[in-house]
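The primary structure of each chain is shown beneath.
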Amino acid sequence: MMGKLKLGVFELTDCGGCALNVLFLYEKFFDLLEFYEIGEFHMASNLHEKDHYDVALVTGTVSTHRDLKVLREARNRSNYLIALGTCATHGNVQGSIEMPIREKLKAVYGDEGNPMRAIDSKPVVEHVAVDLAIPGCPYNKEELYQALMDMAKGIDPVRPDYPVCVECKLNEYECVLVKKGLPCLGPITLGGCNAICIKSGLGCIGCRGPLPGEVNPASEYEILKSKGYDDEYIVRKFKTFARWEP
Amino acid sequence: MIIELREFTRVEGNGKAEIVIENGEVKDVRLKIVEGPRFFELLTLGRHYYDVPDLEARICAICYLAHSVASVMGIERAFGVEVPGEIQLLRELGLIGELLESHALHLYLLVAPDVFRYPDAIRMATKHGELVKEGIALKAFGNRLRELIGGREIHGINVKPGGFGRYPTTEELERIERESEVLLRFAKRTVRLFASLEPYGERAGHFLATDGYLWGERLIAEGKEPFHYTERIEEHSLVYSFAKQSRYNGEPFLVGALARLLLKGEQLTPEAKRLFEEHREKLETGYVSYNNLAQAIELVYALERAGEIAKTLLDKGISSENVSVEPKEGEGIGYVEAPRGVLVHHYRIDSSGKIAYSNIITPTAMNHAMIEKSLLREAKVLYGNVDEMEMVQRLEETVRAFDPCISCSVHIVKL
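About the cut-offs
Residues numbered from 1 in each chain as written. Chains lettered and ligands numbered in written order. Predicted model: local features only at pLDDT ≥ 70, side-chain atom pairs only at ≥ 80, totals over all residues. Heavy atoms only, no water. Helix = DSSP H or I, 4+ residues; strand = E, 2+ residues; numbered from the N terminus. Rg over C-alpha atoms; globule rule 2.2 N^0.38 Å. Buried < 20%, exposed > 50% of the residue type's maximum accessible area, 1.4 Å probe, protein only. Contact = heavy atoms within 4.5 Å. Lys, Arg positive; Asp, Glu negative; His and termini not counted. Charge placed at Lys NZ, Arg CZ, Asp CG, Glu CD. Pairing = 2+ DSSP bridges. Axes fitted to C-alpha atoms, helices over the stretch in contact; angles between N-to-C directions. Buried area = accessible area lost by both parts, 1.4 Å probe. Salt bridge = Lys/Arg side-chain N within 4 Å of Asp/Glu carboxyl O. Polar contact = N/O pair within 3.5 Å; in protein donor to acceptor, adjacent residues only side chain to side chain. Nonpolar A, V, L, I, M, F, W, Y, C, P; charged D, E, K, R; others polar. Phe/Tyr/Trp six-rings, centres within 6.5 Å; stacked < 30°, edge-to-face > 60°. Lys NZ or Arg CZ within 6 Å of the ring centre and 35° of its normal. Domains from an automatic or database assignment.

Novice: An account of the overall build of chain A is needed here, citing residue identities and associated values.
Specialist: Scanning chain A for helices and strands turns up 11 helices and 7 strands. In summary, chain A has a C-alpha radius of gyration of 19 Å against a globular reference of 18 Å for 246 residues, a match within 12%. On the principal axes, the C-alpha backbone points of chain A span a range of 55 × 55 × 30 Å. Residues classed as buried in chain A amount to 61% of the 246 residues present. Long-range pairs, those at least 24 residues apart, make up 74% of the contacts in chain A between residues at least 6 apart in sequence. A distance of 3 Å separates the average location of the 28 positive side-chain charges in chain A from that of its 34 negative side-chain charges.

Now the structure itself:
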């Protein structure tokens, strides 16, 4: 067998969940270690190899100059970079506050001003080219596992290309949008989460971002309006995770 | 001269520290939270209350449920809604899952490598595989509870004002009762391990907690007279950190497992209480490193309590009924014990159900000043006596004892 692939995990500004989710693979994490050697993963290890990586996982948004530096290094030092989680792929909730950064800082830290340099939160994909984007808040860890296993075997990972509704139907869940009138973004959101929120009888909040290609937000907009939701509510809902323009 | 420690590893989020040396002596320490600011309260302003707990969950992955529950409680109090015992027990079960998941992550995967001198749990597993596996089993069980109550391991949306989207089934509760019993011996072993270690860091002078074990109506400190956070806690911005600092009556203070045991030890379950009494003398010295031992005792508490809750619910049967929630103008504060300590969600809501004011104070922001105090003491002890590598390692251990949650800490604001 060939030598192990070298893996680095890089965390920018986020909730820590996407890095943590790698550890939540439990025994499968040890299966991954049959094929990968971890050189850097600051949440889990104090190793800092500053090495070249076959695969880099980058989580979070770019919100500071420190983040930008870490991201550029990760890109320069790796062959295959995966933007992992909705912060990295779409900017997520922290990227949804539409206010100039200086005003945001003033609102939070007061008038004395905070000399630390912050920049407007943007997803990783807006700063560097990525080889694979796995969205989700958090992403489905099975999807990451499969992608890493595929790469270890030289196979290009398969990307889901269907909406959440497909998985909802396959699980035979009741349609919460039609039957209960709950705000559900399932019809226009990229599947791959196994319709986890609808499993709880609640609406999809759109955390995996828009289905690429053919998607019809205008029709979703009309449906939500017909269920009694006002324009402001719908627009906010659309913009929260992935900056959808209705 | 300033010695800059590189970013901490084996902690959640991005932070580092600077040690200021003048005339060959340690003069000051600054804990620098370099994680970018996340502006969560701005995110909630003007939003409909129904969506807010799901968004607040995104503040942190390790303690998302504490954020959801604190948010839901703040909203319910603003509307004057009271939920029945069944819903409260289920929320408690979720928070217990979070305590297990978070403490197990911290003790077995982040701290244990220090005890056995490995860079991480992965390398430690070659010699101490059993310990790592036991930690993972506890963590996985905690996460299953979070998934059951919260709807997902991370960032679930099942906890709602007035109840839940989905309620657990009888079979699911039976499994919890069984498994919590089986895992108990792992936790007891870990209590012995952490009780055997020498203390380090500073001794905390003030402790703070909620008045109930995992949540409360108010906060308590020494003396135990309940108060609202606005009466005794002050927050201020720092020029070198994206996290603010809190002080209790102007002094640094400690929240978290150690504070809970010292202030609420009498509320523990039988075996946890016995272990607390056994180690009480040590814990009462107040060394912040005993937070690790306190967390290990809380693992025992959490497993016993999970079994008790499952049994109570199975005996009574679950009605799975939500309480109806009607928005009205009001103000409410949710006080929850996140695994790392007191978490405050404070809202004012307008008559249409939209958030008009929001304030969140997280445990790590509360501990911030205490972490600095502890680092300062440790740096004074170590500087000049050990080489820089050793000093950096030991200072990191001091920070790690607080189990800081940096992602949580970077968005503190009053609006």
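Novice: Which residues make up the sheet that holds strand S1 (residues 2-4) of chain B, and what values do they have?
Specialist: Residues and elements named next belong to chain B. Taken together, the 3 strands give an open sheet; going across it, the order is S1-S2-S3, and neighbouring strands pair in antiparallel fashion. Unpaired on one side and paired on the other, S1 and strand S3 (25-33) mark the two borders of the sheet. Strand-to-strand twist of the sheet, defined as the mean angle between neighbouring strand axes without regard to direction, takes the value 20°. In this sheet, S3 lies alongside strand S2 (residues 15-22) in antiparallel orientation, the contact comprising 8 bridges. Across the sheet, the residue bridging to Ile21 is Val26, located in S3. The strands touched by helix H11 (residues 363-382) within the sheet are S2 and S3, with S3 carrying the most contacts at an inclination of about 145°.

Novice: Would you mind going over the interface of chain A and chain B in detail, with residue names and values included?
Specialist: Counting from both sides, the interface comprises 61 residues of chain A and, opposite them, 73 residues of chain B. Summing both partners gives a buried area of about 5,600 Å² for chain A against chain B, and 61% of it is carried by carbon and sulfur. Lys354 of chain B serves as the salt-bridge partner of Glu232 of chain A, at 3.2 Å between the closest nitrogen and oxygen. Here chain A and chain B share 21 residue pairs in polar contact (both at pLDDT 80 or more) between them. Looking at the side of chain A that touches chain B, the elements with two or more residues in it are helix H1 (17-23), helix H2 (27-32), strand S4 (61-64), helix H5 (101-109), helix H9 (196-199) and helix H11 (231-242) of chain A. Residue composition of the side of chain A that touches chain B, grouped by class: 34 nonpolar, 16 polar and 11 charged.

Novice: Summarise the packing of aromatic side chains; cite the residues concerned and give the values.
Specialist: All chains considered together, the criterion is met by 12 aromatic pairs over all chains. Ring centres of Tyr221 of chain A and Phe238 of chain A lie 6.0 Å apart, and the angle between their planes is 90°; this geometry places the pair in the edge-to-face category. Pair noted here: Tyr221 of chain A is in helix H10 (residues 217-226) and Phe238 of chain A is in helix H11, with a separation of 17 residues, a long-range link. This pair shows no difference in class: Tyr221 of chain A is buried, exactly as Phe238 of chain A is. The interplanar angle of 50° and the centroid separation of 4.6 Å between the aromatic rings of Tyr213 of chain B and Tyr301 of chain B together place this pair among those described as tilted. Residue Tyr213 of chain B is found in the loop between strand S6 (209-210) and strand S7 (215-216), and its partner Tyr301 of chain B is found in helix H10 (residues 291-316); the two are separated by 88 residues along the sequence. Across the pair, Tyr301 of chain B and Tyr213 of chain B agree in class, each one buried. Sitting over the face of the ring of Tyr145 of chain A, Lys28 of chain A holds its NZ or CZ atom 4.8 Å from the ring centroid. When the ring centre of Tyr357 of chain B is taken as reference, the NZ or CZ atom of Arg348 of chain B above it lies at 4.3 Å.

Novice: Requested: an account of the sheet that holds strand S3 (residues 53-59) of chain A, with residues and values cited.
Specialist: In any sheet, the strands associate via hydrogen bonds between backbone groups, in a parallel or an antiparallel arrangement. All names here are of chain A. Spatial strand order, S2-S1-S3-S5-S7: 5 strands in an open sheet with parallel pairing. Two strands in the sheet have a free side with no partner beyond their single neighbour: strand S2 (36-41) and strand S7 (132-134). Going from strand to strand, the sheet's axes swing by 25° on average, the running direction of each strand aside. Pairing between S3 and strand S5 (residues 78-84): 6 bridges, direction parallel. Residue pairing in the sheet places Val58 in a bridge with Ala83 of S5.

Novice: Give a detailed account of the domain arrangement of chain A, specifying residues and quantitative values.
Specialist: Residues and elements named next belong to chain A. Segmenting chain A into domains produces domain 1 (5-152) and domain 2 (164-242). Between the C-alpha centres of domain 1 and domain 2 there is a distance of 26 Å. Of the roughly 840 Å² buried between domain 1 and domain 2 on both sides combined, carbon and sulfur atoms contribute 51%. Counting the surface domain 1 buries against domain 2, the share from its top three residues, His90, Pro135 and Asn140, is 40%. Of the charged contacts in the structure, one is a salt bridge between Lys239 and Glu98, with a shortest N-O distance of 3.3 Å. Taken together, domain 1 and domain 2 are joined by 6 residue pairs in polar contact (both at pLDDT 80 or more).

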